[in-house]
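# Fold and geometry: a report
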Amino acid sequence: MMTVQGVKYMSDFEAKKAILDIGKRMYDKGFVASNDGNISCKVGPNTIWTTPTGVSKGFMKQDMLVKMDLNGRVLMGNSKPSSEVKMHLRVYQENPDVQAVTHAHPLVATSFAIAGISLDAAVLTEAVLGLGSIPIAKYATPGTEEVPDSIAPFVNTHNGVLLANHGALTWGKDIFQAFYRLESIEYYATILMYTGNIIGRQNVLSCDQVNKLLDIRQKLGITAGGIPPCSLQETNMRDVITSSDIRPSWPASPIQAPLNPPVHELKGVTPLVKPGQSSPLKEGGCSCGISSIPKETAEKKDTEHLSKAKDEIIAEVVRRVMGQFN
Ligand SMILES: [Zn+2]
């Protein structure tokens, strides 16, 4: 480590070693295929080390890395930097507090980026706390100035962004935080896929529950991340001991309304109803706590179909999970 103008930076050696370590982890986790992805790390107010073009992130050597200034001029190294380094440079230019940037194409998060579904459902406490909402930057042709222009609006307000039809980009106060955020994006996206598209149920946290998490986030010194849509009613506030505590809702549409209707629409993750509105779902589907279906009717249906629904839920979850890996 070295300090320049009161700010700590990694040394050249530390930055190059960290880039190789993170590249190996990125490759081993399946976040990149072939020569995809890129990583950069600051070693001074105006200098970075970054990954070369045309090399797998799992098999890099230190002498392949490139040292550049923030204007894109190569200062050291025999390789050519990735054309995608333009978006890294733009992140550093927009937000001087950022010390490292990582970019990859993780499977689930990239699938959300292709579907045009941002990661902003308040369903996972850790995601609200450490990561925050992840927006999607509009489509941009790779290698052009369109890409840095597309991500610039989010660099000071969020901790990462999905690139439409492309992948994910994260940044942080050091290279490890930037990479952990990339891991968190893929984890969060996977949770959203399992709950929204496989299990078919998402209990969205209430605005009060979200506000408490945002208070903690502020105390942790995390100033970016946005505020996700929330529900008016608290979520999961009772123990679930037996199967009679759950409502049978399977099989039904693979995407259903959450138990507690959130205030804002969740952009495709779940079709939502606003408080006071009637359900868009037919009675035969999930009642999901919506007042238009009489409580007695719902409970009677619950009892009648409980045993059958449990077996169907288990069979359907197994079938859909296995389907993800075939
Ligand atoms: Zn890419």
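Residues numbered from 1 in each chain as written. Predicted model: local features only at pLDDT ≥ 70, side-chain atom pairs only at ≥ 80, totals over all residues. Heavy atoms only, no water.

### Observations regarding the coordination of the zinc ion
Protein coordination at the zinc ion comes from Glu84 (OE), His103 (NE2), His105 (NE2) and His166 (NE2), with a distance range of 2.1 to 2.5 Å. Here the donor residues of the zinc ion are spaced in sequence according to E-x18-H-x1-H-x60-H. Highlighted residues: His103 in strand β7 (residues 100–104) and His166 in the loop between β9 (160–163) and β10 (167–172), separated in sequence by 63 residues. (Donors = N, O, S within 2.8 Å, 3.2 Å for Na, K, Ca; no water. Helix = DSSP H or I, 4+ residues; strand = E, 2+ residues; numbered from the N terminus.)

### Let's talk about the packing of aromatic side chains
In the structure shown here, the tally under the stated rule is two aromatic pairs. Their ring planes at 65° and their centres at 5.5 Å tell us that Tyr27 and Phe59 sit as a pair that is edge-to-face. Pair noted here: Tyr27 is in helix α1 (residues 12–28) and Phe59 is in the loop between β4 (47–50) and β5 (66–69), with a separation of 32 residues, a long-range link. Phe59 gets classed as exposed once you look at its relative accessible area, which sits at 53%. Aromatic pair Phe31 and Phe179: ring centres 6.3 Å apart, planes at 45°, arrangement tilted. Taken together, the residues Phe31 in the loop between α1 and β3 (38–44) and Phe179 in helix α6 (residues 175–199) connect sequence positions 148 residues apart. Judged by relative accessible area, which is 0%, Phe179 ranks as buried. Geometry around Trp49 places Lys16 over its ring, the cationic atom sitting 4.7 Å from the centre. (Phe/Tyr/Trp six-rings, centres within 6.5 Å; stacked < 30°, edge-to-face > 60°. Buried < 20%, exposed > 50% of the residue type's maximum accessible area, 1.4 Å probe, protein only. Lys NZ or Arg CZ within 6 Å of the ring centre and 35° of its normal.)

### Brief notes about unusual backbone geometry
A positive phi angle, close to 50°, is found at Ser34, a residue other than glycine. Among the secondary structure elements, Ser34 is positioned in the loop between α1 and β3. On the basis of relative accessibility, which here comes to 52%, the residue Ser34 falls in the exposed class. Not every positive phi belongs to a glycine, and Asn236 is a case in point at roughly 55°. Considering the arrangement of structural elements, one finds Asn236 in the loop between α7 (207–219) and α8 (295–325).

### Details of the sheet that holds β4
Strand order in the open sheet formed by eight strands is β6-β5-β4-β3-β7-β10-β9-β8, with mixed pairing between adjacent strands. Lying at the two open borders of the sheet, with one neighbouring strand each, are β6 (74–76) and β8 (136–137). Helix α2 (residues 85–94) contacts β3, β4, β5, β7, β9 and β10 of the sheet and is inclined by roughly 40° relative to β3. Strands β8, β9 and β10 of the sheet are contacted by helix α3 (residues 107–115), whose axis makes an angle of about 65° with β9. (Pairing = 2+ DSSP bridges. Contact = heavy atoms within 4.5 Å. Axes fitted to C-alpha atoms, helices over the stretch in contact; angles between N-to-C directions.)

### Thoughts on the pairing of β7
Here is the key point about a regular strand: its side chains alternate between the two faces of the sheet. Within β7, five of the five residues are buried, which leaves it mostly tucked inside the rest of the structure. With burial as the criterion, each face of β7 is covered, one bearing Ala100, Thr102 and Ala104 and the other bearing Val101 and His103. Two elements, β3 and β7, share four bridges in a ladder whose sense is antiparallel. Note on β7: the bridge partner recorded for Asn38 is His103. As paired strands, β7 and β10 are joined by five bridges and run antiparallel to one another. Within the sheet, the bridge partner assigned to Thr102 lies in β10 and is Thr170.

### Description of α1
For an α-helix, 3.6 residues make a turn, and residues three or four places apart therefore share a direction. Taking 1.5 Å per residue as the helical rise, α1 with its 17 residues ought to reach 24 Å, and the 24 Å between its terminal C-alpha atoms agrees with that figure. Taken as a whole, α1 has its buried residues at Ala15, Lys16, Ala18, Ile19, Leu20, Ile22, Gly23 and Met26. Against the buried residues of α1 lie β3, β4, β7 and α6. (Expected span 1.5 Å × (residues − 1).)

### Some thoughts on the state of the cysteines
With the rule as written, the count across this model stands at one disulfide. At a sulfur-sulfur separation of 2.1 Å, the disulfide partner of Cys207 is Cys230. In this structure, the disulfide formed by Cys207 and Cys230 twists by about 85° around the S-S bond and is classed as right-handed. Here the residue Cys207 occupies a position in helix α7, and Cys230 occupies one in the loop between α7 and α8, the gap between them amounting to 23 residues. (Disulfide = S-S within 2.5 Å.)

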